Amino acid sequence: MISDIQLCSRFIDTLDWICQVLIRHNDDFNIALVKIAYGDDNSLGEAYGAPEALRQLSSLTHDLQNSFRKSDLVGREGTDFWILFPYTRVTDNLHDKLMDVLQGSAHNNLNIVEREIAIFELPVIYQKATVKPDNGLDLLHYIKANQSELASHIFRLANVE
C-alpha cells in the first residue's frame with residue numbers, strides 16, 4: 001500500500017505541473033486522462049471485506065502502471081483510477097489498451113461491480129474552461145463534477161455476477 005501512496009503522489013505532482021503547462025499552452029500539448037470508476041466506494045468492500053477489496057484494488061493499480069509506457073502514470077483515489085497518457089491523442093485507441101488490462105484474469109474478481117471508463121483530452125478541457133484548474137486535485141474535482149460534458153468517450157462495463 002505504501003507504493004500505492006507513492007504512485008498517487010507522483011501522479012498528483014505531475015498533474016500539478018501539467019495543469020500549469022496547459023494554462024499557458026493548451027493548443028500544442030497532447031495529453032489524455034482516463035478515469036476508471038469501480039462502482040461506489042462501498043460495493044467492493046461489502047462483497048469481499050475491506051482488506052481483500054483494498055488488496056485487489058492495489059493489485060490493479062500496479063498492473064495498470066506496469067502495462068503502459070514508463071511516461072504513463074496511474075493514481076488511485078478510493079475506487080477511482082486515474083491514468084495520465086502524456087503525448088497521446090485520444091484517437092490512439094486507449095480503449096483497447098485499457099480493456100486488455102481490465103479484462104485480464106488477474107482482475108476477474110473486480111468485475112462484480114459496474115465499471116465506467118471516461119477518456120478526457122486535457123487540452124480541450126483547458127480550451128473550453130472559463131476558470132482553468134491550476135492544480136491536479138482541482139482538475140480531478142472539476143472533471144468529476146462535469147464528466148458528461150468533458151469526456152470525449154465514456155464506456156460502461158456491466159457487472160458480472
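Read on for an overview of the structure. Note that the coordinates shown come from a computational prediction; the quantities given were computed from them, not determined experimentally. (Residues numbered from 1 in each chain as written. Predicted model: local features only at pLDDT ≥ 70, side-chain atom pairs only at ≥ 80, totals over all residues. Heavy atoms only, no water.)

Taken as a whole and assessed by the stated rule, the structure comprises 5 salt bridges. Here Asp 72 makes a salt bridge to Arg 69, at a shortest N to O gap of 2.7 Å. On the basis of relative accessibility, which here comes to 38%, the residue Arg 69 falls in the partly exposed class. Between Arg 156 and Glu 116 there is a salt bridge, with the nearest N and O atoms lying 2.8 Å from each other. A residue pair is termed long-range when its members are at least 10 positions apart, and Arg 156 in strand β5 (residues 153–157) and Glu 116 in strand β4 (residues 115–121) qualify at 40 residues. Assessed through its relative accessible area of 54%, Arg 156 is described here as exposed. Under the relative-accessibility criterion, Glu 116 is labelled buried at 17%. One network of salt bridges, in which partners are shared, links Glu 77, Asp 80 and Lys 144. (Salt bridge = Lys/Arg side-chain N within 4 Å of Asp/Glu carboxyl O. Buried < 20%, exposed > 50% of the residue type's maximum accessible area, 1.4 Å probe, protein only. Helix = DSSP H or I, 4+ residues; strand = E, 2+ residues; numbered from the N terminus.)

Attention now moves to the sheet that holds strand β3 (residues 80–86). Read across the sheet, 5 strands follow the order β2-β3-β1-β4-β5 without closing on themselves; strand pairing throughout is antiparallel. Whereas interior strands pair on both sides, the edge strands pair on one side only; in this sheet they are β2 (73–77) and β5. For this sheet the average axis-to-axis angle between neighbouring strands, irrespective of direction, equals 15°. With 5 bridges connecting them, β4 and β5 associate as antiparallel partners. When the bridges of β5 are listed, Ile 117 appears paired with Phe 155. Packing of helix α3 (residues 50–67) onto the sheet brings it into contact with β1 (31–38), β2 and β3, and relative to β2 it is tilted by some 160°. Against the sheet, helix α6 (residues 136–145) makes contact with β1, β2, β3 and β4, and its axis sits at roughly 110° relative to β3, the strand it touches most. (Pairing = 2+ DSSP bridges. Axes fitted to C-alpha atoms, helices over the stretch in contact; angles between N-to-C directions. Contact = heavy atoms within 4.5 Å.)

A word on α6. Inspection of α6 places Gly 136, Leu 139, Leu 140 and Ile 143 among the buried residues, and these make up the whole buried set. Taken around the axis of α6, the buried residues stretch over an arc of 100°, which confines them to a single face. For α6, the capping residue at the N-terminal end is Asn 135, with a side-chain oxygen 3.2 Å from the backbone nitrogen of Leu 137. (Arc of directions from axis to C-beta. Polar contact = N/O pair within 3.5 Å; in protein donor to acceptor, adjacent residues only side chain to side chain.)

In short, shape yes, function no, at least from these values alone.
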